Amino acid sequence: MASHRGKLVSGAAWLGGARLAANALGTLSTIVLARLLTPDDFGLVALALSMVAIVSAFTDRSLSSAVVQIDDPTIAHYHTAWTLGLCRGLLVAGAFIIAAYPVAAAFEEPRLAPIMMVLSTSLLLSGLENPRAIMLTKKLVFWQQFMLEVAQKFVALIVAIAVAFVYQSYWAIVAGLVAGKVSGLLLSYTVLPFLPRLSFRHMRELFSFTGWITLGKVINTLNWRFDHLLIGGMIGRADLGFYTMGDNLAVIPTRETTMPLQSVLFPAFTLIKHDRERFAAQYQKAQATITAIVLPLGIGMALVAEPLVRFAIGEKWLPAVIVIQALASVFALQTIGSLAPAVAMAAGRTRLLFWRNLQAFAIRIPFIIAGMLIAGFHGIVLARVLSGTLGIGLNMKVIREVCGLRLSEQLRENLRSIFSAAIMAAVVVTVDWMGSWGTDTAELLLHLFVLIAAGAIVYPAAMAGLWMAAGKPRGPETELWTLARSAPAGLKRKMGRTA
């Protein structure tokens, strides 16, 4: 178990580092492009990307998850996964090209057709992904994934900014996306040599696992992209640009942080899936630690949204502030139960994810339609808050079914993190209200620094105080303290071996 724990910590560090670096590059790209392009440009590409996501979901067989789930996969499994991915890429890219002009006509937006045709190449490239990356995930080896993810983001950044400076057109976003895909694909076969061949030998075996996952992804993608289509089609491309920008910035400190952790924990959970008591205990430990780390980051993003937007991307993006404030808060709370997909897939209970996504769809879509009809753009934002809050309960229900943990047991592990985040928010809001802040660059930077510093001091202090008041029980504080103490020792051992 100690070796697996070490691999988990190492994997989390690599994937966390990859996500941090990728987010830094992506955020830099967003800031520069937001300065050079218009909200309408972002909204137009977001509309096309929403359709890419929906079409991909209908054909995504989650083959990597299927191979990881298999106890002892062979080389034939990887050949089959690659073959099925290739077939999917060809099918989806062709369908996307055929649909380009009808979709553009339906949205009364002729610029959509050429964008969709170019983006079809990214769908094809997705089908050619190197299946050896699946094997690395299975073995809890992640440094190659760090290289691939960071390199892909870096190429996308360079290409997008270069095109934006020259042409100041929405094609900069599209060019960056496609260039990143191409570079990632080429580098994956360079770093992880693999010569695939056509094979359908294990198709039935892989499909038997992925069926419910695919159905769940279809519902989930429609759930997450319906609002983009609604805004782009009925409210306006500029409003979709504000909405997309706010959504993208709001998600960075929370979902973008938890995703690499889910990638690490999914294969780790598969190793103990037959021991339900141990499975539940490891879940609670991991979930409470993630919430303790990620919850304050999401709440903090909401608290600094206005000065951040003014400083980073400019006054023209101020309508995105309310989106960041609302969604960052919801994303932060959703870290409670955020490991539900990893837990359900590791246990082979993928049907639960489908029903969870279907229930979320049944809640969210009526809320969004009603919100738009009643209050337009702001009504959709409010609908996202309400439906997202209810979605926390759906994730906790999945955990209850898989791990046997009551909702109260799941919530109890996160109470100190929640109270500490609430104290942090109260202090930061008070500091913000009491200050006299200007709007030039230096004053905005000072504003951000003061608010971030206040949050960074108050949250850990509140956590430590509540933990000591509770008698220092085992919990996320214990895990974080153990990791903090073991990190220097582990680094010292590695340096000694190198020497």
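Residues numbered from 1 in each chain as written. Predicted model: local features only at pLDDT ≥ 70, side-chain atom pairs only at ≥ 80, totals over all residues. Heavy atoms only, no water.

Trainee: Looking at this model, I keep getting lost on the overall build of the protein. Mind explaining?
Mentor: Looking only at helices and strands, one finds 20 helices and 0 strands in the protein. Residues counted as buried form 51% of the 499 residues belonging to the protein. Within the protein, contacts between residues separated by at least 24 positions form 84% of all contacts whose residues are at least 6 apart in sequence. A total of about 22600 Å² of accessible surface is found on the protein, and carbon and sulfur atoms cover 68% of it. (Helix = DSSP H or I, 4+ residues; strand = E, 2+ residues; numbered from the N terminus. Buried < 20%, exposed > 50% of the residue type's maximum accessible area, 1.4 Å probe, protein only. Contact = heavy atoms within 4.5 Å. Areas by Shrake-Rupley, 256 points an atom, 1.4 Å probe, with all protein chains shown as cover.)

Trainee: How do you make sense of the pattern of salt bridges when you look at a structure like this?
Mentor: Pairs may arise between side chains of opposite charge once their charged atoms sit close together. Enumeration over the complete set of coordinates arrives at 8 salt bridges. E109 is paired through a salt bridge with R111; the nearest N and O atoms lie 2.9 Å apart. Take E109: its relative accessible area is 8%, and that puts it in the buried class. In this structure, R384 engages D247 in a salt bridge whose closest nitrogen and oxygen atoms are separated by 3.5 Å. Of the two residues, R384 is situated in helix 16 (residues 350-403) and D247 in helix 10 (residues 237-251); the sequence distance between them amounts to 137 residues. On the basis of relative accessibility, which here comes to 4%, the residue R384 falls in the buried class. One continuous salt-bridge network, built from bridges that share partners, spans D40, E109, R111 and R237. (Salt bridge = Lys/Arg side-chain N within 4 Å of Asp/Glu carboxyl O.)

Trainee: What is the right way to read the nonpolar core from this model?
Mentor: One recurring pattern in soluble globular proteins: nonpolar side chains tend to sit buried together. Formed by 59 residues in total, the largest nonpolar core has its most connected members in L33, L112, I313 and W317. The element best represented in this core is helix 2 (residues 39-59), accounting for 8 residues. The contact partners of L33, leaving out residues within four places of it in the chain, are F42, A160, A164, A172 and I173. By size, the runner-up hydrophobic cluster in this structure holds 19 residues, among which are F279, Y283, A346 and L352. (Core = buried A, V, L, I, M, F, W, Y, C linked by side-chain atoms within 4.5 Å.)

Trainee: For this particular structure, what's the right way to read the packing of aromatic side chains?
Mentor: Describing an aromatic ring pair means giving the distance of the ring centres and the angle of the ring planes. Taken as a whole, this structure holds 5 aromatic pairs when the rule is applied. An angle of 35 degrees between the planes, with centres 5.6 Å apart, marks the rings of Y170 and W171 as tilted. By relative accessible area, which is 29% here, W171 ends up partly exposed. Centroid distance Y243 to F377: 6.2 Å. Interplanar angle 80 degrees. Geometry classified as edge-to-face. With Y243 in helix 10 and F377 in helix 16, this residue pair connects regions lying 134 residues apart in the sequence. Residue F377 is classed as buried on the basis of its relative accessible area of 10%. Through pairs of rings, three or more aromatic residues link up here, namely F42, F242 and W317. (Phe/Tyr/Trp six-rings, centres within 6.5 Å; stacked < 30°, edge-to-face > 60°.)

Trainee: Any chance you could explain the side chain of S338 here in plain terms?
Mentor: As for its placement among the helices and strands, S338 is situated in the loop between helix 14 (321-333) and helix 15 (340-346). Within the structure, S338 has its side chain in polar contact with the backbone oxygen of T335 (distance 2.9 Å). (Polar contact = N/O pair within 3.5 Å; in protein donor to acceptor, adjacent residues only side chain to side chain.)

Trainee: Please explain helix 19 (residues 441-469) as it appears in this structure.
Mentor: Side chains of residues three or four places apart in an α-helix project in the same direction, reflecting 3.6 residues per turn. Between its first and last C-alpha, helix 19 extends 42 Å over 29 residues, near the 42 Å set by a 1.5 Å rise per residue. Positive phi shows up at G471, right after helix 19, with a value of about 90 degrees. (Expected span 1.5 Å × (residues − 1).)

Trainee: Even after reading the chapter, I still don't get empty space enclosed by the protein, so can you show me in this structure?
Mentor: Here the idea is plain: a probe the size of a water molecule rolls over the atoms and shows the empty space left. On inspection of all chains with the given rule, the structure shows 2 cavities of 30 Å³ or more. Of the voids in this model, the second largest cavity is the one considered here, and its volume is about 60 Å³. A per-element tally of the lining of the second largest cavity places helix 12 (residues 276-303) first, with 4 residues. Classifying every residue of the lining of the second largest cavity by side-chain character gives 3 nonpolar, 5 polar and 2 charged. (1 Å grid on protein atoms, 1.4 Å probe; cavity = no way out; pocket = protein on both sides within 12 Å on 5 of 7 lines; lining within 4 Å. Points joined across faces, edges and corners; volume = space filled by probe spheres on them. Nonpolar A, V, L, I, M, F, W, Y, C, P; charged D, E, K, R; others polar.)

Trainee: Before we go on, may I ask you to explain the confidence of the model for the protein in this structure?
Mentor: Atom-level detail of predicted coordinates should not be read off regions where pLDDT is low. Overall, the predicted model of the protein reaches an average pLDDT of 82, with 79% of residues at or above 70. The low-confidence segment residues 494-499 (pLDDT under 50) makes 0 contacts with residues lying over four places distant or belonging to another chain. (pLDDT = per-residue confidence, 0-100.)

Trainee: Would you take a moment to explain the environment of S436 for this structure?
Mentor: If you trace the backbone, S436 turns up in the loop between helix 18 (415-434) and helix 19. With a relative accessible area of 76%, S436 lands in the exposed category. Placed 11 residues apart in sequence, S436 and H447 show a C-alpha to C-alpha distance of 9.0 Å.

Trainee: Looking at this model, I keep getting lost on the packing of helix 4 (residues 75-106) against helix 5 (residues 112-126). Mind explaining?
Mentor: Two quantities define a packed helix pair, namely the angle between the helix axes and the distance between the axes. Orientation of helix 4 relative to helix 5, taken along the N-to-C sense of each, is 170 degrees, at an axis distance of 8 Å. As the angle between them shows, helix 4 and helix 5 are arranged roughly antiparallel. On helix 5, the residues touching R88, G89, L90, V92, A93, F96, I97, A99, A100, Y101, V103 and A104 of helix 4 are L112, A113, M116, M117, L119, S120, L123, L124 and S126. Residues that form the contact of helix 4 with helix 5 fall into these classes: 17 nonpolar, 3 polar and 1 charged. (Axes fitted to C-alpha atoms, helices over the stretch in contact; angles between N-to-C directions. Parallel < 35°, antiparallel > 145°, perpendicular 65-115°, else oblique.)

Trainee: How do you make sense of a nonpolar patch on the surface when you look at a structure like this?
Mentor: Where nonpolar side chains cluster on the molecular surface, the patch consists of F367, L382, L386 and L390 and spans about 350 Å² of accessible area. Here L386 lies in helix 16. (Patch = residues over 30% accessible without salt bridge, like charges linked within 9 Å, V, L, I, M, F, W, Y side chains within 5 Å.)

Trainee: What is the right way to read helix 4 from this model?
Mentor: For helix 4, built from 32 residues, the straight-helix expectation of 46 Å at 1.5 Å per residue is met to within 8% by its first-to-last C-alpha distance of 45 Å. The principal kink in helix 4, of about 45 degrees, is found at A100, preceding the proline P102 by one to four residues. Once helix 4 finishes, E108 follows within two positions and takes phi at roughly 55 degrees, a positive value. (Bend = angle between axes of the 7 residues up to and from the residue.)

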